[in-house]
Amino acid sequence: EHGNALLSRWPVLDVRHEDMSDHRFEQRGLLHAQVAAPEGKLHVLVLHLGLIGGSRVRQLAQTRDYLVRHVPADESVVIAGDFNCVQLARNWALEALDVCVKKHAPPATFPARLPLRQFDHIFARGLQTQSLQAPRGKAWLQMSDHLPLIAELQWR
């Protein structure tokens, strides 16, 4: 409904959606799926934050509150999406997920034709990032104005 999608190789146990629209000019949402991974249940949140700085701050606060309400602190979670920002997203992940965001530069994902910024992020609790890449090529340019961000994660 708000443009978020999730593909999973494992069975999806439950799906929820939360409207995160901050004003009437931008429809935004959070998609939450519980997935039956071989190592156990995994929560996956997919989101797309707004273009306005104040909206992103409020949407991240709403996401943190959503995590507290719907994802037990001892369960693994992956949060991915277009955060439309860099430092605010990293600071939020440190505070909300208590995860250290690596200092090395992740791949730029925007704009797809000549990627200069990293607006797309993948944060995880209970899993460790093994690799992070943004594939390039003509096919990706036809799909979005952002390149996809692909992470290889390993259970801790």
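It should be emphasised that the depicted structure is a prediction, and the values quoted were computed from it without experimental measurement.

Trainee: Could you clarify how one ought to interpret the overall build of the protein in this entry?
Mentor: Along its length, the protein carries 3 helices and 7 strands. Beginning at the N terminus, the succession of helices and strands in the protein can be written as β-β-β-α-β-α-β-β-α-β. Scaling as 2.2 N^0.38, a compact globule of 156 residues should have a C-alpha radius of gyration of about 15 Å, and the protein matches this with 15 Å. C-alpha extents for the protein along the principal axes are approximately 40 × 35 × 30 Å. Every one of the 156 residues in the protein was classed for burial, and the buried ones make up 42%. Counting only contacts in the protein whose residues sit at least 6 apart along the sequence, the fraction spanning at least 24 positions is 62%. Split by element, the accessible area of the protein, about 9,000 Å² in all, is 53% carbon and sulfur.

Trainee: Could you clarify how one ought to interpret the side chain of arginine 28 in this entry?
Mentor: Its place among the elements puts arginine 28 in the loop between strand E1 (12-19) and strand E2 (29-37). Classification of arginine 28 by relative accessible area gives buried; the value is 9%. Of note is the side chain of arginine 28, whose polar atom sits 3.0 Å from the side chain of glutamate 26.

Trainee: Explain helix H2 (residues 87-97) to me, please; I cannot follow it from the model alone.
Mentor: Along an α-helix, residues three or four positions apart point the same way, because every turn accommodates 3.6 residues. Restricting attention to buried positions, one finds in H2 the residues Ala89, Trp92, Ala93, Ala96 and Leu97. An end-on view of H2 places all buried positions within 105° of arc, on one side of the element. Lining the buried residues of H2 we find helix H1 (53-70), strand E4 (76-82) and strand E5 (120-125). At the C-terminal side of H2, aspartate 98 shows a positive phi close to 55°.

Trainee: Looking at this structure, how should I read H1?
Mentor: Helix length check: H1, at 18 residues, gives a terminal C-alpha distance of 26 Å against a target of 26 Å (1.5 Å per residue), a fit within 8%. Those residues of H1 that sit buried are Ser55, Arg56, Gln59, Leu60, Thr63, Tyr66 and Leu67. Seen along its axis, H1 keeps its buried residues to an arc of 130°; they face one direction. The secondary structure elements touched by the buried residues of H1 are E1, E2, strand E3 (40-48), E4 and H2.

Trainee: How should the sheet that holds E2 be read in this particular structure?
Mentor: Two strands in a sheet stick together by hydrogen bonds in their backbones, pointing the same way (parallel) or opposite ways (antiparallel). Read across the open sheet, the 5 strands follow the order E1-E2-E3-E4-E5; overall the sheet is mixed. In the strand order of this sheet, the two ends are held by E1 and E5, each with one partner. Going across the sheet, the axis of each strand differs from the next one's by a mean of 15°, ignoring polarity. Across 8 bridges, the pairing between E2 and E3 is antiparallel. Across the sheet, the residue bridging to glutamine 34 is histidine 43, located in E3. Set on the sheet, H1 makes contact with E1, E2, E3 and E4; between it and E1 the angle comes to about 145°. The sheet strands contacting H2 are E4 and E5, and the helix crosses E5 at an angle near 15°.

Cut-off values and rules
- Residues numbered from 1 in each chain as written.
- Predicted model: local features only at pLDDT ≥ 70, side-chain atom pairs only at ≥ 80, totals over all residues.
- Heavy atoms only, no water.
- Helix = DSSP H or I, 4+ residues; strand = E, 2+ residues; numbered from the N terminus.
- Rg over C-alpha atoms; globule rule 2.2 N^0.38 Å.
- Buried < 20%, exposed > 50% of the residue type's maximum accessible area, 1.4 Å probe, protein only.
- Contact = heavy atoms within 4.5 Å.
- Areas by Shrake-Rupley, 256 points an atom, 1.4 Å probe, with all protein chains shown as cover.
- Polar contact = N/O pair within 3.5 Å; in protein donor to acceptor, adjacent residues only side chain to side chain.
- Arc of directions from axis to C-beta.
- Expected span 1.5 Å × (residues − 1).
- Pairing = 2+ DSSP bridges.
- Axes fitted to C-alpha atoms, helices over the stretch in contact; angles between N-to-C directions.

By themselves these figures say nothing about function.
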